[in-house]
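# Survey of secondary and tertiary structure
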Amino acid sequence: KAETLRVAVAQGRIRMKPETFTLIQQGQMKKGDVLGTARIAGIMAAKQTPHLIPLCHPIPISKISVEFSLDTKRASITAISEVKNRGATGVEMEALIAVTISLLTIYDMGKAVDRGMVIEDVHLVRKSGGKSGTYAFKE
């Protein structure tokens, strides 16, 4: 495969009780900074993708970011990851792993007050580069 700039963006959401959302938003969870910890967990997890998913190649990654969007009305947090590299293998799995582990970290840090949180709608938003070109999710 030809080496090209590869970019993948993934996202997912976690819904929770409004009280749990407020605790996270205000930084008052007993375990500490939930979103900061979830961001670091997602970045670290993306780097471990070939150890987590069989047959995924270890690849050099030039960028991994995890950002959060908070929706007060729905008491939900959306995690969005972007992964970039220049190589012969795509970075979709790394982006999906980053989002998933970020959301699982939020669940882990909040489960003491809300075991009913729901992780949902984890998906690839878009990807570019490589032989298959560009992909964009359509609802």
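See the structure printed just above.
Note that this is a predicted model, so its numbers are computed, not measured.

Cut-offs and rules
Residues numbered from 1 in each chain as written. Predicted model: local features only at pLDDT ≥ 70, side-chain atom pairs only at ≥ 80, totals over all residues. Heavy atoms only, no water. Pairing = 2+ DSSP bridges. Helix = DSSP H or I, 4+ residues; strand = E, 2+ residues; numbered from the N terminus. Contact = heavy atoms within 4.5 Å. Axes fitted to C-alpha atoms, helices over the stretch in contact; angles between N-to-C directions. Expected span 1.5 Å × (residues − 1). Buried < 20%, exposed > 50% of the residue type's maximum accessible area, 1.4 Å probe, protein only. Polar contact = N/O pair within 3.5 Å; in protein donor to acceptor, adjacent residues only side chain to side chain.

Next up on the list: the pairing of strand β4 (residues 118-128). Inspection of the sheet shows strand β1 (residues 4-15) paired to β4 by 8 bridges, in the antiparallel sense. Counterpart to Arg13 in the pairing with β4 is Glu120. Of the pairings in the sheet, the one linking β4 to strand β5 (residues 135-136) comprises 2 bridges and is antiparallel in character. Among the inter-strand pairings, Arg126 is bridged to a residue of β5, identified as Ala136. The hairpin turn running from β4 into β5, its antiparallel successor, is 6 residues long, and Gly129 in that turn takes a positive phi close to 100°.

Once that is clear, we can look at the sheet that holds β1. The 5 strands lie next to each other as β2-β3-β1-β4-β5, forming an open sheet whose pairing is antiparallel. Each edge of the sheet is formed by a strand with only one pairing partner; in this case those strands are β2 (63-71) and β5. Across the sheet, helix α2 (residues 34-47) is in contact with β2 and β3 (76-87); its angle to β2 comes to roughly 145°. Of the strands in this sheet, β1, β2, β3 and β4 touch helix α4 (residues 92-110), which is tilted by about 25° from β1.

The next subject is α2. Here α2 contains 14 residues, and its C-alpha end-to-end distance of 20 Å stays within 8% of the 20 Å for a straight helix at 1.5 Å per residue. All of the buried residues in α2 are Val34, Leu35, Gly36, Ala38, Ala41, Gly42, Ala45 and Ala46. Those residues of α2 that are buried are in contact with α1 (18-25), α3 (49-52), β2, β3 and α4. Between a side-chain oxygen at the N-terminus of α2 and the backbone nitrogen of Leu35 the separation is 3.4 Å; the capping residue is Asp33.

We now examine unusual backbone geometry. For Leu55, which is not glycine, the phi torsion reads 70° and is therefore positive. Relative to the helices and strands, Leu55 is located in the loop between α3 and β2. Take Leu55: its relative accessible area is 83%, and that puts it in the exposed class. Phi is positive for Asp121, which is not a glycine, with a value near 55°. By the element assignment, Asp121 lies in strand β4.

In short, geometric facts, not functional conclusions.
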